[in-house]
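# Structural description and commentary
So you can see what is in the structure, the chains are spelled out below.
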Amino acid sequence: SSPTSPAPPSSTDSPDAPDAPNTDTDTVPDTPNTPDTTPDAPLPEPVKLFKFYDDASRSRPDYSSFPSRDVPSSSFPDTSWQNDAVYLNHFIQEGVELIDRTLQAIVSEYG
């Protein structure tokens, strides 16, 4: 017969086991800062906003004239957003800032 390892001690083996917290059932009391965790809870206002706005009148190609609407970059009009470096830089910057705000919200919520 082969030697067997002793079983790990159970919580009832310890004289102070009744006082030990049961992490399966113990809960943290609600605090005023506890967020709404329902699936449809709205995001906090500072996080959800994508603050980019473009008021320029933009032209666009006739997508239906290309197979699968896959427009070659050379076919975009000069006034389209795809050819506007200022628009793209602002759009990308706002996207980065939205991600930063989201990460800050996650860190403030979960640490």
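Residues numbered from 1 in each chain as written. Predicted model: local features only at pLDDT ≥ 70, side-chain atom pairs only at ≥ 80, totals over all residues. Heavy atoms only, no water.

Turning next to unusual backbone geometry. One non-glycine residue, Ser68, lies in positive phi territory at about 60 degrees. In this structure, Arg69 is a non-glycine residue whose phi angle is positive, near 55 degrees. Classification of Arg69 as exposed rests on a relative accessible area of 56%. (Buried < 20%, exposed > 50% of the residue type's maximum accessible area, 1.4 Å probe, protein only.)

For Asp78, the location among the structural elements is in the loop between helix H1 (45-48) and helix H2 (85-110). Taking the relative accessible area as the measure of exposure, Asp78 reaches 72% and is therefore exposed. Once the C-alpha coordinates of Asp78 and Arg58 are considered, the two residues, 20 residues apart in sequence, prove to be 9.3 Å apart. (Helix = DSSP H or I, 4+ residues; strand = E, 2+ residues; numbered from the N terminus.)

It is worth spelling out the environment of Ser73 at this point. One can find Ser73 in the loop between H1 and H2. Measuring from C-alpha to C-alpha, the distance between Ser73 and Asn83 comes to 8.7 Å, with 10 residues separating the pair along the chain.

We now examine the pattern of salt bridges. By the definition in use, this model includes 2 salt bridges. Ionic pairing is found between Arg58 and Asp84, a salt bridge with its closest N-O pair at 2.8 Å. With Arg58 in the loop between H1 and H2 and Asp84 in the loop between H1 and H2, the pair connects residues that are 26 residues apart, well separated along the chain. Its salt-bridge partner being Arg101, residue Glu94 comes within 3.1 Å of it at the nearest N-O pair. According to the relative accessible area criterion, Arg101 is buried, its value standing at 14%. (Salt bridge = Lys/Arg side-chain N within 4 Å of Asp/Glu carboxyl O.)

So, about a nonpolar patch on the surface. Together, Ile99, Leu103, Ile106 and Tyr110 give the surface a local cluster of nonpolar side chains, amounting to about 460 Å² of exposed area. Secondary-structure assignment places Ile99 in helix H2. (Patch = residues over 30% accessible without salt bridge, like charges linked within 9 Å, V, L, I, M, F, W, Y side chains within 5 Å. Areas by Shrake-Rupley, 256 points an atom, 1.4 Å probe, with all protein chains shown as cover.)

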